Amino acid sequence: MSAAAIRRYLALLVLSVAGLGAGGVAHLAGSASTGHVLWLAVTALGIASASWWVGAAAVERRLGADVVALAALVGTVAVGEYLAGALVTTMLATGRELDAWAAGRARRDLSALVERTPTVARVHRSGQLVELPLAQVAVGDLVTVATGEVIPLDGLLDQGLAVLDESALTGEPVPRTVRPGEPVRSGAVNGGPAFELRVTTLASEGTYATILRLVEVAETSVSPSERLADRYARWFVVASAVAAGSAWAASGSVTRAVAVLVVATPCPLVLAVPVALVSGLALAARSGVIVKGGAVLERLARGGTLLLDKTGTLTRGSPVVTDVACRDGVEPDEVLRLAASLDQVSPHVLAASIVATARARDLALDLPRDAHEEPGSGIRGRVGRTEVALGRADWLGADTSDDWLRAIRRQADLDGSIATYVSLDGRIVGAILMDDPIRPGAALTVRNLRADGFDRIVMVTGDREDIAESVGAVIGVDAVYARRGPAEKVDAVEIERRRGPTVMVGDGINDAPALALADVGVALGGRGSTAASEAADVVLSVDRLESLGDAVVIARRSKRRAAEAAATGIGLSVVAMAVAGVGWLPASLGALLQEGIDVAAILVALRALVPARRTRLSPADKALLGRFAADRAVLDPFVTETRTLAARLANDSSREVVEAVRSLHSTLSAELEPLQVREEGELYPAVARLVGGTDPTGGLLRAHAEIRHDLLRIRRVLDLMDPDRPDRYDVLELQRLLYDLHAVWRLHLAQEREGYASLHASATQAPAAPTT
């Protein structure tokens, strides 16, 4: 709805209220004729407006409730019931303004995309670098792109290496290294030094321009949905006409027919329904969800298929360190410390993650010297007396026949991780593995969304199939669309729309066309692109997917309240129509009675504002959860070490490795077991109180028992084992127990993080509405 339309509805409301009030004042002052003229003017304004609305609905082949209102307004003029006409006009204007206010936020445009789009490029012409409008740049021109700039045109890298942040286009957080002759796409950001590209495509035909066109086409291809009030209006119009005609035929009095039409005016529809929906919008906003209008809320309530973008929606959207793998005899923390010390001076997105991990482990970082970075390859420098380098294995001079390197590459490929190799004094000694982890609570959120009414949940991503299938299996989706760019995501939405109403969730520019095409597009505004927020119908202002579930529950409850309010108002109107039909209710009194019916319907609609009553986390509860989360984080590195030692035992059962296992066991006995005892005595009772139900922490306690059992078995094997000449069967049993401990411990941590993330999220957000 345009801003001009909203201003027109506001003007109609102001004029109708002013005319109604002025006419009343004139009557009180003894000038009845002046009052009638003012009320007639208001009624005429109502007739003109209702005629326009009925005509607009007819063009769209809709039969709206405004037909009854128009007939009632004309009838009041015909029989001289000017007060009734002014009252009906005021109620119509009030309903339109409420609906316009709710829909005003639904105005979407491409301003964010357009603002981000480059308008000029620096082009080499006659030995000089000149700025030209993109329309004047020709295929074959050489263009310079500075650090941090949005790439203005599609082309091929002319020379050197380029590091491109394509997250806005692909949704994937890892920068892409481009070599000479490889394609560069417009819309990406130069994350490295300035480079030159040879233009291959005109600006109007480039990648970014294509996304703009996709959004525009998608927005115009969404057919208008049928509004709740219109569905009720279809039969109500017919019933009102039959009732008015019957009253006229039975009595021979047109005045009686007008009285029936006055109490049949659809004010409960044009007032109560918008009130319920606006109440839902307000309640959703308190939960951190901005819904752009009542029509969107209605469509959200009908959503049956949910499409979720992976990166940034189901995952964190930025890489984190998951493992530091080292050769035998090399300390992982020392490798991480040296790598992070050097990476302090690197602008690379992976460097920030490595530095943050080292600081989280309280490692002392030194300032590097003589640092030199080669974009797309790696960085070298000195940290203390050590020559440190990290980057690609081939850039570090890796031996392709190295079994350890092949094992790291295989592990990274299977896990879908990124491996950054670390060289100390010219020898590759370690690899830092990074991943874009699934959000804590993502699987729980998917289950809750399914419980909230989505019967099909699918994941859409630009990732390759094996990684996408792995993530989809963990979070529990019904289907996965992998290797999907902006155009292919639109195709996926079109496929799912054939099944029923769709809701698409995304956070990047590459998601904008799909968000615009879906029946409801949802953008993660807390961390997503502004373009996605502009193209979406719903914006999650907090970086929390769980709030979408809150919004769906609120939408469905608001829709129920709107239906209840409409049914209440229509039911009372039907009774009033019967009374007016037998001649017991004149038009003016009928208009006043209709006001009372409107109030009753609005009170029912306002029930949509009432939030659910629930148990909130007390400050003590939140502090307890935070304290134990910090205690668990201290032990996180030992989870990885458990698997690392199990893998080492496959090829090396020397005394050194056995003693490393013994040291790990001692640490876990001294740190992990006491933590579990404290959790069982302090944390789990608090969780049980908050969650309720029968034995809500039973699964967590069972995991504790399995971990204790594995630790006891490991100690028995170590006690029986000869460290200098270990028996082969003892080594195999020790390896099996370590793998088992790693699996159970990792699953247990995931369960704890998922559950506690859900509790913490519910404590920091406004309560969602109840389902009834």
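Please read these numbers as outputs of a predicted model, since none were measured by experiment. (Residues numbered from 1 in each chain as written. Predicted model: local features only at pLDDT ≥ 70, side-chain atom pairs only at ≥ 80, totals over all residues. Heavy atoms only, no water.)

Caption draft 1: Spotlight on the environment of I354. Considering the arrangement of structural elements, one finds I354 in helix α14 (residues 349-360). Spatially, the C-alpha atom of I354 lies 9.7 Å from that of L433, the residues being 79 residues apart in sequence. Ignoring anything within four residues of it in the chain, the contact list for I354 reads V321, L336, A339, A340, D343, L390, I432 and M434. (Helix = DSSP H or I, 4+ residues; strand = E, 2+ residues; numbered from the N terminus. Contact = heavy atoms within 4.5 Å.)

Caption draft 2: Geometry of a nonpolar patch on the surface. On the surface, V599, L603, L606 and L609 cluster together into a nonpolar patch covering about 330 Å² of accessible area. Checked against the element boundaries, L606 lands in the loop between α22 (587-605) and α23 (619-649). What makes L606 partly exposed here is its relative accessible area of 35%. (Patch = residues over 30% accessible without salt bridge, like charges linked within 9 Å, V, L, I, M, F, W, Y side chains within 5 Å. Areas by Shrake-Rupley, 256 points an atom, 1.4 Å probe, with all protein chains shown as cover. Salt bridge = Lys/Arg side-chain N within 4 Å of Asp/Glu carboxyl O. Buried < 20%, exposed > 50% of the residue type's maximum accessible area, 1.4 Å probe, protein only.)

Caption draft 3: Molecular detail of empty space enclosed by the protein. Using the criterion set out here, one finds two cavities of 30 Å³ or more in the structure. For the largest cavity, the calculated volume is near 90 Å³. Of all the secondary structure elements, the ones that give two or more residues to the lining of the largest cavity are α23, α24 (655-691), α25 (698-720) and α26 (728-764). Residues of the lining of the largest cavity, tallied by class, amount to six nonpolar, three polar and four charged. Within this model, the second largest cavity holds a volume of roughly 30 Å³. (1 Å grid on protein atoms, 1.4 Å probe; cavity = no way out; pocket = protein on both sides within 12 Å on 5 of 7 lines; lining within 4 Å. Points joined across faces, edges and corners; volume = space filled by probe spheres on them. Nonpolar A, V, L, I, M, F, W, Y, C, P; charged D, E, K, R; others polar.)

Caption draft 4: View of the packing of aromatic side chains. In total, this model carries one aromatic pair according to the counting rule given. Above the face of the F454 ring, R556 is positioned so that its terminal group lies 5.7 Å from the ring centre. Stacked on the ring of Y729, the Lys or Arg R728 has its end atom at 4.7 Å from the ring centre. (Phe/Tyr/Trp six-rings, centres within 6.5 Å; stacked < 30°, edge-to-face > 60°. Lys NZ or Arg CZ within 6 Å of the ring centre and 35° of its normal.)

Caption draft 5: Structural context of the packing of helix α21 (residues 546-581) against α22. Running from N to C, α21 and α22 cross one another at 160°; their axes reach a closest spacing of 8 Å. Taken together, the axis directions place α21 and α22 in an arrangement best described as roughly antiparallel. Crossing handedness for the pair α21 and α22: right-handed. Residues R561, E564, A565, T568, G569, L572, S573 and A576 of α21 lie in contact with α22, whose contacting residues are L593, Q594, I597, A600, A601, V604 and A605. Its residues assigned to classes, the contact of α21 with α22 comprises nine nonpolar, four polar and two charged. (Axes fitted to C-alpha atoms, helices over the stretch in contact; angles between N-to-C directions. Parallel < 35°, antiparallel > 145°, perpendicular 65-115°, else oblique. Left-handed = near helix turned anticlockwise from the far one by under 90°.)

Caption draft 6: Layout of the nonpolar core. In this structure, L306 and L548 are the most contacted members of the largest nonpolar core, which totals 47 residues. Apart from the residues within four sequence positions on either side, L548 is in contact with L306, L449, V505, V522 and L540. Counting residues in each nonpolar core, the second largest holds 37 residues, with W53, A72, V88 and A580 among its members. (Core = buried A, V, L, I, M, F, W, Y, C linked by side-chain atoms within 4.5 Å.)

Caption draft 7: Molecular detail of the sheet that holds strand β14 (residues 378-383). The antiparallel open sheet is built from six strands, whose spatial order is β12-β17-β16-β15-β14-β13. Each having just a single partner strand, β12 (320-326) and β13 (369-374) make up the two edges of the open sheet. Here the strands of the sheet are splayed against their neighbours by 20° on average, with no regard to which way each runs. Note: β12 against strand β17 (residues 427-435), six bridges, orientation antiparallel. Bridged to A325 within β17 is A431. (Pairing = 2+ DSSP bridges.)

Caption draft 8: Local environment of α22. The first and last C-alpha atoms of α22 sit 26 Å apart over 19 residues, in line with the 27 Å expected at 1.5 Å per residue. What α22 keeps buried is the set A587, G590, A591, Q594, I597, D598, A601, V604 and A605. Buried residues of α22, viewed axially, fall in a sector of 120°; they line one side. (Expected span 1.5 Å × (residues − 1). Arc of directions from axis to C-beta.)

Caption draft 9: Broad picture of the pairing of strand β11 (residues 305-309). Of all five residues making up β11, five are buried, and the element is well covered by its neighbours. On β11, burial covers both faces: T305, L307 and D309 on one face and L306 and L308 on the other are all buried. Note: β11 against strand β18 (residues 456-460), five bridges, orientation parallel. Looking at the pairing, T305 lines up with R456 of β18. When β11 meets strand β20 (residues 502-506), the two strands line up parallel, connected through four bridges. Counterpart to L308 in the pairing with β20 is V505.

Caption draft 10: Here's a closer look at unusual backbone geometry. Positive phi is not limited to glycine here, since D362 has a value of about 60°. Among the secondary structure elements, D362 is positioned in the loop between α14 and β13. D362 sits in the exposed class, given a relative accessible area of 71%. The backbone of R483 sits at a positive phi, close to 55°, despite the residue not being glycine. Mapped onto the fold, R483 is located in the loop between β19 (479-481) and α18 (486-497).

Caption draft 11: Structural detail: the pairing of strand β5 (residues 162-165). The pairing of β5 with strand β6 (residues 176-178) spans three bridges and is classified as antiparallel. Bridged to A162 within β6 is V178. Relative to strand β8 (residues 189-190), β5 is paired through two bridges, and the arrangement is antiparallel. Bridging from a neighbouring strand, L164 pairs with N190 of β8.

Caption draft 12: Focus on the side chain of T201. Structurally, T201 is set in the loop between β9 (195-199) and α7 (207-221). A distance of 3.5 Å separates polar atoms of two side chains, one belonging to T201 and the other to T200. Not counting residues within four places of it along the chain, the set of residues in contact with T201 comprises V139, L153, D154 and G206. (Polar contact = N/O pair within 3.5 Å; in protein donor to acceptor, adjacent residues only side chain to side chain.)

Caption draft 13: How the structure looks around the side chain of S423. Tracing the sequence through the fold places S423 in strand β16 (residues 418-424). Its relative accessible area of 5% is what places S423 among the buried residues. Polar side-chain contacts of S423 include one of 3.2 Å to the backbone nitrogen of R427. Beyond its immediate sequence surroundings of up to four residues, S423 is in contact with E387, V388, A389, L396 and I428.

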